[in-house]
Amino acid sequence: EADIYQTPRYLVIGTGKKITLECSQTMGHDKMYWYQQDPGMELHLIHYSYGVNSTEKGDLSSESTVSRIRTEHFPLTLESARPSHTSQYLCASSERLQGTNEKLFFGSGTQLSVL
Amino acid sequence: RKEVEQDPGPFNVPEGATVAFNCTYSNSASQSFFWYRQDCRKEPKLLMSVYSSGNEDGRFTAQLNRASQYISLLIRDSKLSDSATYLCVVLDRGSTLGRLYFGRGTQLTVWP
């Protein structure tokens, strides 16, 4: 089993609130990712990091920010939540396999509902 | 055009059936390919990597056709526990760091 943890598992919050979704991994992986996934739809990359103090925006403009101060910790922050942010947020880290392959380990996800 | 295209299904098959999923990718320079499995309301988990020569893991066989930019997954002797969404994933290494692209997934339901 993967050692990557997300909290909270579920979050229901009002519009305009600031929220932080936590993600931690104990595998020592340098690469970490945040994905957003709506039911029945593909995963969209919103942020990624290749190591401490390295963060990049992904494909989806989610109006969120991330930080990577420690290898094991990659929190996602929404400064002002809106109903359009309602979705499942999945954190992942990756392990390099042989050759060019990588294996992603996902956390259990945070289901966010903004009222 | 999306990086990775999959038939979303759903595929509804009886136990014991053989079922095949297809996936196409748009970047001919893509280097690595994977199938992930995602159960309902759960996180995706790696099912298998896909190698150029094709590879098999028990009842699962993955094939890659680089010329056609096409990946397939074959499941033989389907079990009830195979019911899930199967995600096609492609790794592009435009830079040294690489990016993973996910398909929308193909939903499979195996019925008794």
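For the structure itself, consult the block above.
Residue positions are given per chain, counting from 1 as you read along its sequence in written order. Whichever chain is written first is A, and whichever ligand is written first is 1; the rest continue in order. Where totals are concerned, whole chains, interfaces and linings use all residues; where local detail is concerned, this predicted model gives features only for residues with pLDDT of at least 70, and gives and counts side-chain atom pairs only at 80 or more. Side-chain calculation: all heavy atoms of the structure are included, whereas hydrogens and water are not.

*Asks:* Is there a simple way to explain the sheet that holds strand 7 (residues 64-66) of chain A in this structure?
*Replies:* Sheets are built from strands that pair by backbone hydrogen bonding, the pairs being arranged parallel or antiparallel. Residues and elements named next belong to chain A. Taken in spatial order, the 4 strands of this open sheet run 1-3-8-7, and their pairing is antiparallel. This sheet does not close on itself; its edge strands, each paired only once, are strand 1 (4-7) and strand 7. Geometrically, the sheet is characterised by an average inter-axis angle of 15 degrees between neighbouring strands, direction not taken into account. For two strands to count as paired, DSSP must find a minimum of two bridges between them. Secondary structure counts use DSSP, requiring at least four H or I residues in a row for a helix and at least two E residues in a row for a strand, with both numbered from the N terminus. One ladder, built from 4 bridges, connects strand 1 with strand 3 (residues 19-25); its direction is antiparallel. Its bridge partner being in strand 3, Q6 is matched across the sheet by C23. Every axis in this analysis is a line fitted to C-alpha atoms, fitted for helices over the stretch in contact. Angles between the N-to-C directions lie between 0 and 180 degrees.

*Asks:* Honestly, the side chain of A:H29 in this entry has me stumped. Any pointers?
*Replies:* All names here are of chain A. Looking at the element boundaries, H29 is found in the loop between strand 3 and strand 4 (31-37). Identification of polar contacts relies on pairs of N or O atoms within 3.5 Å, with a donor-acceptor requirement for protein atoms, meaning one able to donate a hydrogen and the other able to accept it, and with residues adjacent in sequence counted only if both atoms are side-chain atoms. In terms of polar contacts, H29 uses its side chain to reach the side chain of S93, at 2.8 Å. Contacts of H29, omitting those with residues within four sequence positions, involve R68, T71, S93, S94, E95 and F105. When checking whether two residues touch, look at their non-hydrogen atoms; a contact exists if any pair is within 4.5 Å.

*Asks:* I'm lost on the pairing of strand 6 (residues 54-57) of chain A in this one. Help?
*Replies:* Regular strands have side chains that alternate between both faces of the sheet. Residue and element names in this part refer to chain A. Here strand 5 (residues 44-51) runs beside strand 6; their pairing, made up of 3 bridges, is antiparallel. The residue bridging Y48 from the neighbouring strand is E56, located in strand 6. Where strand 5 folds back onto strand 6 in an antiparallel hairpin, the turn is made up of 2 residues, including N53, whose phi is positive at roughly 65 degrees.

*Asks:* For this particular structure, what's the right way to read the sheet that holds strand 3 (residues 19-25) of chain B?
*Replies:* Residues and elements named next belong to chain B. Ordered by their spatial adjacency, 5 strands build an open sheet running 1-3-8-7-6, and the pairing between neighbours is antiparallel. In this open sheet, the two edge strands, each paired with only one partner strand, are strand 1 (4-6) and strand 6 (55-57). Adjacent strand axes in the sheet meet at a mean angle of 20 degrees when their direction is disregarded. Inspection of the sheet shows strand 6 paired to strand 7 (residues 60-65) by 3 bridges, in the antiparallel sense. Paired with N55 across the two strands is A62, which belongs to strand 7.

*Asks:* I'm lost on the nonpolar core in this one. Help?
*Replies:* The tendency in soluble globular proteins is for nonpolar side chains to be buried as a group. By size, the foremost hydrophobic cluster in this structure holds 24 residues, and its most contacted members are B:F21, B:W35, B:I71, B:L73, B:I75, B:Y86 and B:L108. Counting residues per element, the ones that place at least two in this core are strand 3, strand 4 (32-38), strand 5 (44-50), strand 7, strand 8 (70-75), strand 9 (84-92) and strand 11 (106-111) of chain B. B:I71 has contacts with B:F21, B:N22, B:C23, B:Y25, B:F33, B:W35, B:V50, B:Q63, B:L64, B:C88 and B:V90, leaving out every residue within four places of it along the chain. In this structure, A:W34, A:Y89, A:C91 and A:F105 belong to the second largest nonpolar core, which totals 18 residues. Grouping buried Ala, Val, Leu, Ile, Met, Phe, Trp, Tyr and Cys residues that are joined through side-chain atoms within 4.5 Å yields what is termed a nonpolar core. Note on exposure labels: buried denotes an accessible area under 20% of the residue type's maximum, exposed denotes more than 50%, and partly exposed covers the range between, all computed with a 1.4 Å probe on protein chains only.

*Asks:* Is there a simple way to explain unusual backbone geometry in this structure?
*Replies:* In terms of backbone geometry, most residues other than glycine have negative phi values and most peptide bonds are trans. The omega torsion across A:T7 and A:P8 is -10 degrees, close enough to zero to call that bond cis. Assignment of secondary structure puts A:P8 in the loop between strand 1 and strand 2 (10-13). Geometrically, the link from B:G9 to B:P10 is a cis peptide bond, its omega value of 5 degrees lying close to zero. As for its position among the elements, B:P10 is in the loop between strand 1 and strand 2 (11-14). Positive phi values are uncommon outside glycine, yet A:N53 reaches one of about 65 degrees. Mapped onto the elements of the fold, A:N53 is located in the loop between strand 5 and strand 6. What makes A:N53 exposed here is its relative accessible area of 69%. Positive phi outside glycine occurs at B:Q69, with the angle close to 55 degrees. By secondary structure assignment, the location of B:Q69 is in the loop between strand 7 and strand 8.

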